[in-house]
Amino acid sequence: MKLRNMNALKSAIVDTYTMATWPWRARFRQVHARVGMAPVMVLFYHRVADRDVTPWTITCDDFRRHLDYLQAKFEIVSLAEGQRRIAMRFNTDPCVAITFDDGYGDNSEFAIPELNARQMPATYFVTLGNVLSGEPFAHDAKLGISARPNSVAELREMIAGGNIEIGGHTRTHADIGSLHDPARIQDEVIDATRELEQLIDQPIRYFAFPFGLPANLNDAAINLLRQNGILAFCSAYGGYNFPGDDPYHIQRIHGDSELSRLRNWLTIDPRKVAGVPRYQPRYTRLPESSGEQA
Ligand SMILES: [Zn+2]
């Protein structure tokens, strides 16, 4: 009960801030729309379930509320369409792309059918090792929770549904930012992604770094992804993508179960526009004729 009151108070504070800055938000949105500079916002979720609710779980009711809000207020686009608008340097309306990380079996019970029913596209980043072993993710095991990962059959079913694209999320959910051994990076980032492709019988175009903070990114891995034809990588520390930003690095915002915080982000928080510096990889030159993006 106490926790609930506390959350209600926090939500009220966030809503007050959102309303207080509303004139700024409305003007920002208007000006940016007019010149084709509206942001592409990409959300990341992990697990949608009502049992064993962890900090990276959102309940089915809350997820439904998110989708209602997103559908009412924004154009929902695929990650590929979002990336195209960033690369083309033109987007007239704020749009939102939905992603998931890790590959939780629970998502096949509610989240994916719900997305399919609404015809909403999403990109679903999967850690190969857990799909193969069926073992719970290390970050759940630490909490004594054994939420199961998706099976290969479930991933294939998602693809067949027509709205979900599968992406790579390493072999062992390693912190790639801390890796230095080129063979290990190759295995986590490229080999695991290729094996996942084989399993699902579908090419993989996108990759998300586990944990996704600047410290968890790795330029050697990013360059390897580019050399191997992956179209972009995703981080997970917040931040907007504006047309003209680096289209190879898609910044993502947490699909916070508190709708007030999500609303604050998606209606453009002035503090976050200025206060979230974009991680800038040092790209190495690609071999010629490999289709480098401008
Ligand atoms: Zn993850």
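Residues numbered from 1 in each chain as written. Predicted model: local features only at pLDDT ≥ 70, side-chain atom pairs only at ≥ 80, totals over all residues. Heavy atoms only, no water.

With an unreviewed UniProt entry as reference, the chain is termed Xylanase, source organism Blastopirellula marina. In the Subcellular location (unreviewed entry) part of its UniProt record, the chain is described as follows: "Secreted". (UniProt positions renumbered as here; feature names shortened; annotations may be inferred.)

Participant: Please set out the overall build of the chain residue by residue, giving values where relevant.
Facilitator: Each helix and strand in the chain was counted, giving twelve helices and eleven strands. Dimensions along the principal axes, computed over C-alpha positions, put the chain at roughly 50 × 50 × 35 Å. In the chain, which comprises 294 residues, the share counted as buried stands at 53%. In the chain, once contacts between residues fewer than 6 apart in sequence are set aside, the share between residues at least 24 apart is 72%. (Helix = DSSP H or I, 4+ residues; strand = E, 2+ residues; numbered from the N terminus. Buried < 20%, exposed > 50% of the residue type's maximum accessible area, 1.4 Å probe, protein only. Contact = heavy atoms within 4.5 Å.)

Participant: Help me get a handle on the coordination of the zinc ion, residues and values and all.
Facilitator: Distances from the zinc ion to its protein donors, Asp102 (OD), His169 (NE2) and His173 (NE2), fall within 2.0 to 2.2 Å. In the primary sequence, the donor residues of the zinc ion line up as D-x66-H-x3-H. An identical accessibility class is assigned to histidine 169 and histidine 173; each is buried. (Donors = N, O, S within 2.8 Å, 3.2 Å for Na, K, Ca; no water.)

Participant: Please give an account of the packing of helix H3 (residues 60–73) against helix H11 (residues 259–266) that cites residues and values.
Facilitator: The contact between H3 and H11 brings their axes to 11 Å, and the two run at 25°. Judged by the inter-axis angle, H3 sits roughly parallel to H11. The interaxial crossing formed by H3 with H11 has right-handed handedness. Between H3, through His66, Tyr69 and Leu70, and H11, the contact on the second element is made entirely by Leu259, Leu262, Arg263 and Leu266. Across the contact of H3 with H11, the residue classes tally to five nonpolar, one polar and one charged. (Axes fitted to C-alpha atoms, helices over the stretch in contact; angles between N-to-C directions. Parallel < 35°, antiparallel > 145°, perpendicular 65-115°, else oblique. Left-handed = near helix turned anticlockwise from the far one by under 90°. Nonpolar A, V, L, I, M, F, W, Y, C, P; charged D, E, K, R; others polar.)

Participant: Explain the pattern of salt bridges to me, using residue names and the numbers behind them.
Facilitator: All told, the structure shown has 22 salt bridges when counted by the stated rule. Here aspartate 106 makes a salt bridge to arginine 47, at a shortest N to O gap of 2.9 Å. Linking aspartate 106 in the loop between strand E5 (95–100) and helix H5 (111–117) with arginine 47 in strand E2 (residues 47–48), this pair joins segments that are 59 residues apart in sequence. In this structure, the salt-bridge partner of aspartate 68 is arginine 118, at a minimum N-O distance of 2.8 Å. Remark: arginine 118 occurs in the loop between H5 and strand E6 (122–126) and aspartate 68 occurs in helix H3; sequence separation between them is 50 residues. Classification of aspartate 68 by relative accessible area gives partly exposed; the value is 41%. Connected through shared salt-bridge partners, Glu75, Glu81, Arg84 and Arg85 make up one network. (Salt bridge = Lys/Arg side-chain N within 4 Å of Asp/Glu carboxyl O.)

Participant: Before we move on, could you go through the pairing of E6 and cite the residues and values that matter?
Facilitator: The buried fraction of E6 amounts to five of the five residues, a majority that puts the element mostly inside the structure. Side chains Ala122, Tyr124 and Val126 of E6 all project onto a buried face; the interleaved residues Thr123 and Phe125 project onto the opposite face, where all are buried too. Where E5 and E6 come together, three bridges link them in parallel fashion. From the neighbouring strand, isoleucine 98 faces E6, where its bridge partner is alanine 122. (Pairing = 2+ DSSP bridges.)

Participant: Before we move on, could you go through the nonpolar core and cite the residues and values that matter?
Facilitator: In terms of nonpolar packing, the biggest core is built from 60 residues, with Phe63, Leu70, Ile98, Phe100, Leu115, Ile166 and Leu266 touching the most fellow members. The element contributing the most residues to this core is helix H9 (residues 182–200), with six residues. Setting aside anything within four residues of it in sequence, one finds leucine 266 in contact with Met41, Leu43, Tyr69, Leu70, Phe74, Val96 and Ile253. With 13 residues, the next largest nonpolar core counts Val77, Leu79, Ala97 and Ala232 among its residues. (Core = buried A, V, L, I, M, F, W, Y, C linked by side-chain atoms within 4.5 Å.)

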